[in-house]
Amino acid sequence: DAGVTQSPTHLIKTRGQQVTLRCSPKSGHDTVSWYQQALGQGPQFIFQYYEEEERQRGNFPDRFSGHQFPNYSSELNVNALLLGDSALYLCASSLSGIGSYNEQFFGPGTRLTVL
Amino acid sequence: TQLLEQSPQFLSIQEGENLTVYCNSSSVFSSLQWYRQEPGEGPVLLVTVVTGGEVKKLKRLTFQFGDARKDSSLHITAAQPGDTGLYLCAASNGSSNTGKLIFGQGTTLQVKP
């Protein structure tokens, strides 16, 4: 049973470029959340997708957008990259519903470096 | 704004010592998770606590959820070098069992042989 997978593992971009990160959730999970983690800090919530719609959004600008596909996989897009967007981007999957306790399982992350 | 404050932020101990990490907030949470993260990898879920006063044990790790569901602690007995990593607490707000997890800033644990 594959866990959460993310691609690519590492990515180097320059300021102003656009990037797309991809995530496949754990088998049986229907909800995908994205987080940004700066070095030495806890992850910060970007947004969550459920039933192909953005269900909740954190305090991130509109340059950050996403999508969820019918097979529950998800993409995170960041436009007009800034140096400050350099971070580890984590995808987490979970199962929505009573009794789930919002347990989120994380992928290995994509390390984005903006030069 | 709901915040989770972890303490200490950094801990360096010798193999065999005991330690406790604290996770505190002024908000009530429906559930709280503890994760462990190694450099360059994603956080790995260790435990979920949901009931006030709940205690869960995972080998040498003991997790406790406060009676008022506002705080939690992680106690490690006889720490080993393999316990080295970043320990994160995370919680869901109020009555929700979906949506964002709010994370503490993490406790970096270094266990020296």
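The rules behind each value
- For every chain, the first residue of the written sequence is number 1, and numbering continues from 1 along that sequence.
- To label them, take the chains in the order written and letter them from A, then take the ligands in the order written and number them from 1.
- Since the coordinates come from a predicted model, pLDDT governs what is reported: local features require at least 70, and pairs of side-chain atoms require 80 or more to be given and counted, while whole-chain, interface and lining totals use all residues.
- With hydrogens and water excluded, all non-hydrogen atoms of the structure serve as input to the side-chain values.
- The helix and strand labels rest on DSSP assignments: H or I over at least four residues marks a helix, E over at least two residues marks a strand, and numbering proceeds from the N terminus.
- With a 1.4 Å probe rolled over the protein chains alone, any residue whose accessible area is under 20% of its type maximum counts as buried; one over 50% counts as exposed, and the rest are partly exposed.
- Side-chain atoms within 4.5 Å link the members of a nonpolar core, which is a set of buried Ala, Val, Leu, Ile, Met, Phe, Trp, Tyr and Cys residues.
- Note on definitions: a residue-residue contact is assigned when non-hydrogen atoms from the two residues lie within 4.5 Å.
- Throughout, the accessible surface (probe 1.4 Å) given up by two parts as they are put together, summed over both, is called the buried area.
- Contacts described as polar in this section are N or O atom pairs within 3.5 Å, which, within protein, must combine one atom able to donate a hydrogen with one able to accept it, while residues neighboring in sequence count only if both atoms come from side chains.
- Each residue is assigned to one of three groups, with Ala, Val, Leu, Ile, Met, Phe, Trp, Tyr, Cys and Pro labelled nonpolar, Asp, Glu, Lys and Arg labelled charged, and all others, Gly among them, labelled polar.
- A pair is scored as a salt bridge if a Lys or Arg side-chain nitrogen falls within 4 Å of a carboxyl oxygen belonging to Asp or Glu.

**Some words on unusual backbone geometry**
Of all residues except glycine, most have a negative phi; of all peptide bonds, most are trans. Cis geometry is found at the peptide bond from A:Ser7 to A:Pro8, where omega equals -5°. In this structure, B:Pro8 follows B:Ser7 across a cis peptide bond, with omega equal to -10°. Relative to the helices and strands, B:Pro8 is located in the loop between strand 1 (5–7) and strand 2 (10–14). Located in the positive-phi region is A:Glu51, a residue other than glycine, with phi close to 50°. By secondary structure assignment, the location of A:Glu51 is in the loop between strand 5 (44–50) and strand 6 (53–57). Here A:Glu51 falls in the exposed class, since its relative accessible area comes to 58%. Positive phi outside glycine occurs at A:Tyr72, with the angle close to 80°. Along the chain, A:Tyr72 turns up in the loop between strand 7 (64–68) and strand 8 (74–78). Judged by its relative accessible area of 39%, A:Tyr72 falls in the partly exposed class.

**Some words on the nonpolar core**
Counting 23 residues, the largest nonpolar core has B:Ile13, B:Leu19, B:Leu32, B:Trp34, B:Leu74, B:Ile76 and B:Leu109 as the members making the most contacts within it. Of all the elements in the fold, those that place two or more residues in this core are strand 2, strand 3 (19–24), strand 4 (29–37), strand 5 (44–49), strand 7 (61–65), strand 8 (71–76), strand 9 (85–93) and strand 11 (107–112) of chain B. Grouped together as the second largest cluster of nonpolar side chains are 20 residues, A:Cys23, A:Val32, A:Leu81 and A:Cys91 included.

**A short note on the interface of chain A and chain B**
Residue-level contacts link 25 residues of chain A with 22 residues of chain B. Together chain A and chain B conceal approximately 1,700 Å² of surface at their shared face, both sides included; 54% is due to carbon and sulfur atoms. Of all residues in chain A, A:Tyr101, A:Asn102 and A:Phe106 give up the largest surface area on contact with chain B, accounting jointly for 30% of the area buried on that side. Joining chain A to chain B, the criterion identifies nine residue pairs in polar contact (both at pLDDT 80 or more). For the side of chain A that touches chain B, a count of residues per class yields ten nonpolar, 13 polar and two charged.

**So, the pattern of salt bridges**
Residue and element names in this part refer to chain B. Within this structure, the stated rule accounts for six salt bridges over all chains. Arginine 60 is the partner of aspartate 83 in a salt bridge, and the nearest nitrogen-oxygen pair spans 2.9 Å. Placement of the pair is aspartate 83 in the loop between strand 8 and strand 9 and arginine 60 in the loop between strand 6 (55–58) and strand 7, with a sequence separation of 23 residues. A relative accessible area of 8% means that aspartate 83 is categorised as buried.

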